[in-house]
Amino acid sequence: MKKLLGLLVVIVLLNSCNDGNLTVNTINFDAVQTSKCSNNQVLYKLNKSEVLLLEIPESQNAFANISGVAALNINTSNRARYRLYNGTVGVDNICETFQPATPTLSQEWIATAGKIQITTSAVYGTTDATTAATRISRYNHNIVFKNVTFSTPAGDLVYDTFNFGDYLTTANVLTLIFPPELVRCDTNLKIYTVSNNRNESLALEGIDPSLIQSVAGTRTQLLGSTTNKLVFRTYISPLVLPVSDYFCGTKTPLINEEWIGEDGITDVSGIVEVTTVTNGTGFSHTIRLKKVSFKKGTSTFYYGNDILFGELITAN
């Protein structure tokens, strides 16, 4: 990056007499935050009279909130360029269809080949002091151009690595707040709860029947990929009443996000604890989830050391 910017200084100085005696002494985007236009898919970094631009169509889903690495080809759709103006440039010069007449463009470098590498990682908020729970607050997308060719006024320049920088996106808010009453579907061995606004649900699917017995006592088992599978979902729109049609029936919801509890490890993590006591002529089963982490793709978050799933009432 420094080599590239140093060459740019030389090129600009050599051409300054053709740009109204324009002189550039330093060029540095390292401390400049990446922003996004509100009306299109352009990412940009502004530094006085300079702009670094990247445009990737929304259909590419390049900045999805999923941890991992993606690589896109630089082409006529995925575009990158550097611009130098003859005065201080603003957002209107970048994002608006009808751009201001001033300042005017003095020089432009256009990326004509190479790859855009985007490395996405979760950024966590404050850890809960009581439960040690964490939540993903943002996702950081580190953008690097690999083997990129820039067409410049002085000819083509090729660089193995050109750092564009970081771009932050906001993660969906996962409240994970549920009423304490649990519901069981006897037909498919599922226990679930739904948030009051019906936008989130938490379910134990394929629960081992030995956990829910008509006998007082405490029993524990591990979460698994099939037996005792813990599933947290958020929905695009609230579930329509009765919600039992989605969990105990065949109605299909519009899922926004789905997180799966990671498989348990004996005496370490992913533990389901059920404490059963008599309740009149029936039984009350208090279910707790201990040291559970959720996973979606390669993204994870820690649910907490000891979280109440809820209470299930059964008849004798």
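Given the structure is predicted, the values throughout are model-derived calculations rather than measurements.

1. Considering the overall build of the chain
Part 1 of the reasoning: The number of helices and strands found in the chain is 3 helices and 17 strands.
Part 2 of the reasoning: Seen through its C-alpha atoms, the chain measures out along the principal axes to roughly 95 × 40 × 30 Å.
Part 3 of the reasoning: Evaluated residue by residue, the chain yields a buried proportion of 45% over its 316 residues.
Part 4 of the reasoning: For the chain, the share of sequence-separated contacts (at least 6 apart) that also reach a separation of at least 24 residues comes to 59%.
Part 5 of the reasoning: With an accessible surface of roughly 16,000 Å², the chain has 50% of that area assigned to carbon and sulfur atoms.
Part 6 of the reasoning: Distance between charge centres in the chain, computed from 24 positive and 26 negative side chains, equals 2 Å.

2. Considerations on unusual backbone geometry
Glycine aside, residues mostly have negative phi angles, and peptide bonds mostly take the trans form.
Part 1 of the reasoning: Residue Thr 102 is joined to Pro 103 through a cis peptide bond whose omega torsion reads -5°.
Part 2 of the reasoning: One can find Pro 103 in the loop between helix H2 (92–95) and strand E6 (105–124).
Part 3 of the reasoning: With an omega dihedral of -5°, the bond running from Leu 241 to Pro 242 counts as a cis peptide bond.
Part 4 of the reasoning: A positive phi angle, close to 60°, is found at Arg 198, a residue other than glycine.
Part 5 of the reasoning: Note on placement: Arg 198 falls in the loop between strand E10 (190–194) and strand E11 (200–205).

3. Describing the pairing of strand E13 (residues 229–235)
Look at any regular strand and the pattern is simple: side chains alternate between the two faces of the sheet.
Part 1 of the reasoning: Extensive coverage of E13 is indicated by the burial of 6 of its 7 residues.
Part 2 of the reasoning: As judged from the 6 bridges shared by E11 and E13, these two strands associate in the antiparallel manner. Looking across to E13, one finds that Leu 204 is bridged to Leu 230.

4. Digging into the state of the cysteines
Part 1 of the reasoning: One pass over the structure, following the stated rule, counts 2 disulfides.
Part 2 of the reasoning: The partner cysteine of Cys 37 in its disulfide is Cys 95, sulfur to sulfur 1.9 Å. Here the S-S torsion is close to -75°, and the disulfide linking Cys 37 with Cys 95 is therefore left-handed. In this pair, Cys 37 sits in the loop between strand E1 (35–36) and strand E2 (42–47) while Cys 95 sits in helix H2, placing the two residues 58 residues apart along the sequence. For the pair formed by Cys 37 and Cys 95, the shared burial category is buried.
Part 3 of the reasoning: The disulfide bridge from Cys 185 ends at Cys 248, spanning 1.8 Å between sulfur atoms. The sign of the -70° torsion about the S-S bond sets the Cys 185-Cys 248 disulfide as left-handed.

5. Focus: the nonpolar core
Part 1 of the reasoning: Residues Leu 202, Ile 287 and Phe 294 are the most contacted members of the largest nonpolar core, which totals 29 residues.
Part 2 of the reasoning: Counting only elements with at least two residues in this core, the list comes to strand E7 (136–152), E11, E13, strand E15 (271–279), strand E16 (282–296) and strand E17 (299–314).
Part 3 of the reasoning: A total of 5 residues in this core trace back to one element, the largest contributor, which is E17.
Part 4 of the reasoning: The residues contacting Leu 202, other than those within four sequence positions of it, are Phe 178, Ile 191, Tyr 192, Thr 193, Leu 230, Val 231, Phe 232, Leu 289, Phe 294, Tyr 303 and Phe 309.

6. Focus: the environment of Val 148
Part 1 of the reasoning: Along the chain, Val 148 turns up in strand E7.
Part 2 of the reasoning: Placed 14 residues apart in sequence, Val 148 and Phe 162 show a C-alpha to C-alpha distance of 7.4 Å.
Part 3 of the reasoning: Apart from the residues lying within four places of it in its own chain, the contact partners of Val 148 are Ile 74, Ala 111, Ala 113, Gly 114, Leu 157, Val 158, Tyr 159 and Phe 162.

7. Quick word on the pattern of salt bridges
Part 1 of the reasoning: A complete count under the given rule lists 10 salt bridges for this structure.
Part 2 of the reasoning: With a shortest N-O distance of 2.4 Å, Arg 79 and Glu 55 are connected by a salt bridge. Residue Arg 79 is located in strand E5 (residues 79–85), and its partner Glu 55 is located in strand E3 (residues 50–55); the two are separated by 24 residues in the primary sequence.
Part 3 of the reasoning: Between Lys 190 and Glu 205 there is a salt bridge, and its shortest N-O distance comes to 4.0 Å. Here Lys 190 is found in strand E10, whereas its partner Glu 205 is found in strand E11, with 15 residues between them in sequence.

8. Things to note about the side chain of Thr 314
Part 1 of the reasoning: Along the polypeptide, Thr 314 turns up in strand E17.
Part 2 of the reasoning: Separated by 2.8 Å, the side chains of Thr 314 and His 285 make a polar contact.
Part 3 of the reasoning: Leave out the neighbours within four places in its chain, and Thr 314 touches Arg 184, Ile 212, Gly 282, Phe 283 and His 285.

9. Digging into the confidence of the model for the chain
Part 1 of the reasoning: Model confidence for the chain is summarised by a mean pLDDT of 90, while 91% of its residues fall at 70 or above.
Part 2 of the reasoning: Low confidence marks residues 1–27, where pLDDT is under 50. Its contacts with residues over four positions away, or in another chain, come to 41 contacts.

10. Thoughts on the environment of Asp 186
Part 1 of the reasoning: Tracing the backbone shows Asp 186 in the loop between strand E9 (183–185) and E10.
Part 2 of the reasoning: The spatial distance from the C-alpha of Asp 186 to the C-alpha of Val 240 is 21 Å, given a sequence separation of 54 residues.
Part 3 of the reasoning: Engagement of the side chain of Asp 186 in a polar contact is seen with the side chain of Arg 184, the distance being 3.0 Å.

11. Quick word on the packing of aromatic side chains
We describe a pair of aromatic rings using the distance from one ring centre to the other and the angle between the two ring planes.
Part 1 of the reasoning: Across all of its chains, the model carries 13 aromatic pairs by this definition.
Part 2 of the reasoning: Centroid distance Tyr 82 to Trp 109: 6.1 Å. Interplanar angle 70°. Geometry classified as edge-to-face. Of this pair, Tyr 82 sits in strand E5 while Trp 109 is found in strand E6, placing the two residues 27 residues apart along the sequence. Pair check on accessibility: Tyr 82 and Trp 109 agree, each one buried.
Part 3 of the reasoning: On the basis of an interplanar angle of 80° and a centroid distance of 6.4 Å, the ring pair of Phe 178 and Phe 232 is categorised as edge-to-face. Within this pair, whereas Phe 178 is found in the loop between strand E8 (155–170) and E9, its partner Phe 232 is found in strand E13, the two being separated by 54 residues in sequence. Comparing Phe 178 with Phe 232 shows no difference in burial state: the two are buried.
Part 4 of the reasoning: Among the aromatic residues, those joined into a ring-pair cluster are Phe 29, Tyr 82, Trp 109, Phe 145, Phe 150, Phe 162 and Phe 164.
Part 5 of the reasoning: Positioned above the aromatic ring of Phe 164 is the side chain of Lys 45, whose terminal nitrogen or guanidinium carbon lies 5.9 Å from the ring centre.

Thresholds applied
- Sequence order as written defines the numbering, with residues in each chain counted from 1.
- Where totals are concerned, whole chains, interfaces and linings use all residues; where local detail is concerned, this predicted model gives features only for residues with pLDDT of at least 70, and gives and counts side-chain atom pairs only at 80 or more.
- Only hydrogens and water are removed before side-chain values are computed, so all heavy atoms of the structure are retained for them.
- The way it works is that DSSP assigns letters per residue, a run of H or I at least four long becomes a helix, a run of E at least two long becomes a strand, and they are numbered from the N terminus.
- Burial status follows relative accessibility: with a 1.4 Å probe on protein chains alone, a residue under 20% of its type maximum counts as buried, one over 50% as exposed, and anything between as partly exposed.
- Whether two residues are in contact is decided by their heavy atoms: any pair within 4.5 Å suffices.
- Areas reported as accessible are Shrake-Rupley estimates using a 1.4 Å probe. Residue values count occlusion only from the protein chains shown.
- In this count, Lys and Arg are taken as positive residues and Asp and Glu as negative ones, while His and the chain termini are left out.
- Lysine's charge is taken at NZ, arginine's at CZ, aspartate's at CG and glutamate's at CD.
- At least two bridges found by DSSP between two strands is the condition for calling them paired.
- By convention in this document, the label disulfide applies to cysteine sulfur atom pairs within 2.5 Å.
- Working definition of a nonpolar core: buried Ala, Val, Leu, Ile, Met, Phe, Trp, Tyr and Cys residues. They are joined through side-chain atoms within 4.5 Å.
- Salt bridge, as used here, is a side-chain nitrogen of Lys or Arg placed within 4 Å of a carboxyl oxygen of Asp or Glu.
- Counting of polar contacts relies on pairs of N or O atoms within 3.5 Å, with two restrictions inside protein: one atom must be capable of donating a hydrogen and the other of accepting it, and residues adjacent in sequence are counted only when both atoms are side-chain atoms.
- What pLDDT expresses is the predictor's confidence in each residue, scored from 0 to 100.
- Each Phe, Tyr or Trp ring, with Trp reduced to its six-membered ring, pairs with another whose centre is within 6.5 Å; inter-plane angles below 30 degrees give stacked pairs, above 60 give edge-to-face pairs, and intermediate values give tilted ones.
- We call a charge positioned over a ring when the NZ of a Lys or the CZ of an Arg lies within 6 Å of the ring centre and within 35 degrees of the ring normal.

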